[in-house]
Amino acid sequence: MHNDSIFAAGSPRLKSSGINTRKKMIIYITAACVYLIAVLIAGLVMNPDLYGVHYENKFLTPSFSHPFGTDFMGRDMFWRSIKGLSNSILVGLAASAVSSVIALIFGVAAAVAGGKTDKIITWLVDCCMGMPHIVLLLLISYMMGRGGFGVAFAVAVTHWPELTRLVRAEVLQVKNAQYVQAAVKMGKSKTRIAKEHIIPHVLPVYLIGLVLLFPHAIMHEASLTFLGFGFSASTPAIGGILSEAMKHIVTGKWWLCLFPGLILLVAVMLFDVIGDKLKMLLNPGSGNQ
Amino acid sequence: MQLKADNISFRYNDKSPWVLRNVNFTVESADRIALVGPSGYGKSTLSKILSGYLKPTEGKVLLNGELLPEKGYCPVQMVYQHPEQAVNPRWKMDKTLNECWKPDQNLLDSMGIEKEWLKRWPSELSGGELQRFCIARVLGPDTKFLICDEISTMLDVITQAQIWQLVLEISEERNIGLVVVTHNMALAEKVCNKIVRLPEISVQKPEERISV
């Protein structure tokens, strides 16, 4: 017998009783997803009359019939906020879908092709990251004719640089890893190496990047709308609601900005939670806890 | 079988200094060659060239008179110095072990690989334990030459002895030629029947070959 096995036998075992970290995380993730999907769907199927104009109900404080109160046109703030958040999530979805595909293509191309391609893509990434993000968003949104499409387009095409960098670094790292080189010498084909070594390594990073892109996109949509370059005033949007609320906050209408701001914050934080927990679950170092 | 380093020189680019200059030696299947030399003399670089990981700047590596195959299982396999970098951290150990062939239970027992380790992640094993997997996975029937780049440095003395005993047994049984890179002269004299010293590069004289 040699020393190692003696140590192995004496190593502490993880307790199996109760809820382990993994299960707890899955519960967190599910809860966060359910909340966000519920908001999204509620916004999509909502009857617009719910947040219609009722001048007789102007500036009602929060109550059971109007949990978030009403605004200067008597619109119910609860339903309006839900609809606005749902719009934001839609923009976030579009942004993540487009940006992540751009990032994936650029990142993989830079890492695999190397040389000039790599230099050009890295330069583009640096260019986009060097510019204040909000300025770029404003310009693109304005160019694309503002409104829902403008803001969605602007947010969608400006969120790829960070993820591109991440994907590039990961692919480069795993491509040159000893175990991948060893697999080449063991006669494994390129597709097999890509499938068994590279994709399983890059995919989690990519997925987490994708999820963490969401809160960014949502916040940027809200900022654009807040500044008046996003959704038009007739479309419920958290940014628009907040900028309207600015006019009334000095007269003590606190509920107009508190609740919409809160649900935006909660949504953003939930996406962050999902991203962080996913990171822990997918990382082999902490995956067994 | 014969593995021949034919006048090998290597440097990283046109401006960098030579790492290896005009290295010549031959390994026969029955040979167990020790490659010794101080740090920075290009031992690891030479191992990588011999096993096809790096292309020599000049000269060639010949296996039975032909260049090393680019595709398929390379008959010259190398075991790395750092086992924790040589296994995929996202694979459980049994997948890593069976990547190119299925070692039988006898081999696993004699390597001291315990059954329970197969279900673990690499992060849950020590360097020495991982190194056994790295050695076992390249001892397949298609391996004709084995390049061992400081493979036992991280093992305790007893395990070192066990592993070398086994590597020697298997290499004899299957007629595998060994190239052993080491700093440990005692080990080199014990394990190998020939010693090749890498010369200092500024001298640039042809490879000395000393038989023990």
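Structure: above.
What you see is a predicted model, and the numbers here were worked out from it, not measured in a lab.

Basis of the calculations
- Residues numbered from 1 in each chain as written.
- Chains lettered and ligands numbered in written order.
- Predicted model: local features only at pLDDT ≥ 70, side-chain atom pairs only at ≥ 80, totals over all residues.
- Heavy atoms only, no water.
- Helix = DSSP H or I, 4+ residues; strand = E, 2+ residues; numbered from the N terminus.
- Rg over C-alpha atoms; globule rule 2.2 N^0.38 Å.
- Buried < 20%, exposed > 50% of the residue type's maximum accessible area, 1.4 Å probe, protein only.
- Contact = heavy atoms within 4.5 Å.
- Areas by Shrake-Rupley, 256 points an atom, 1.4 Å probe, with all protein chains shown as cover.
- 1 Å grid on protein atoms, 1.4 Å probe; cavity = no way out; pocket = protein on both sides within 12 Å on 5 of 7 lines; lining within 4 Å.
- Points joined across faces, edges and corners; volume = space filled by probe spheres on them.
- Nonpolar A, V, L, I, M, F, W, Y, C, P; charged D, E, K, R; others polar.
- Polar contact = N/O pair within 3.5 Å; in protein donor to acceptor, adjacent residues only side chain to side chain.

A. Here's a closer look at the overall build of chain B. Looking only at helices and strands, chain B has seven helices and ten strands in total. Over its C-alpha trace chain B gives a radius of gyration of 17 Å, about what one expects of a compact globule, namely 17 Å for 212 residues. Expressed along its principal axes, the backbone C-alpha trace of chain B runs to roughly 50 × 35 × 30 Å. Buried residues in chain B amount to 53% of all 212 residues. Long-range pairs, those at least 24 residues apart, make up 69% of the contacts in chain B between residues at least 6 apart in sequence. As displayed, chain B offers around 9700 Å² of accessible surface, 50% of which is attributable to carbon and sulfur atoms.

B. Here's a closer look at the layout of surface pockets. In this model, the largest pocket occupies a volume close to 1100 Å³. Lining the largest pocket are 38 residues, with Val180(A), Gln181(A), Val184(A), Lys190(A) and Ile193(A) sitting closest to its centre. Residue assignment for the lining of the largest pocket shows that the elements contributing at least two residues are helix H3 (77–113), helix H7 (161–175), helix H8 (178–185) and helix H9 (190–226) of chain A together with strand S4 (58–63) of chain B. At eight residues, H9(A) tops the list of elements feeding residues into the lining of the largest pocket. Taken together, the residues of the lining of the largest pocket break down into 22 nonpolar, eight polar and eight charged.

C. Structural view of the side chain of Ser16(B). One can find Ser16(B) in the loop between strand S1 (2–10) and strand S2 (20–28). A distance of 3.2 Å separates a polar atom in the side chain of Ser16(B) from the backbone nitrogen of Tyr12(B).

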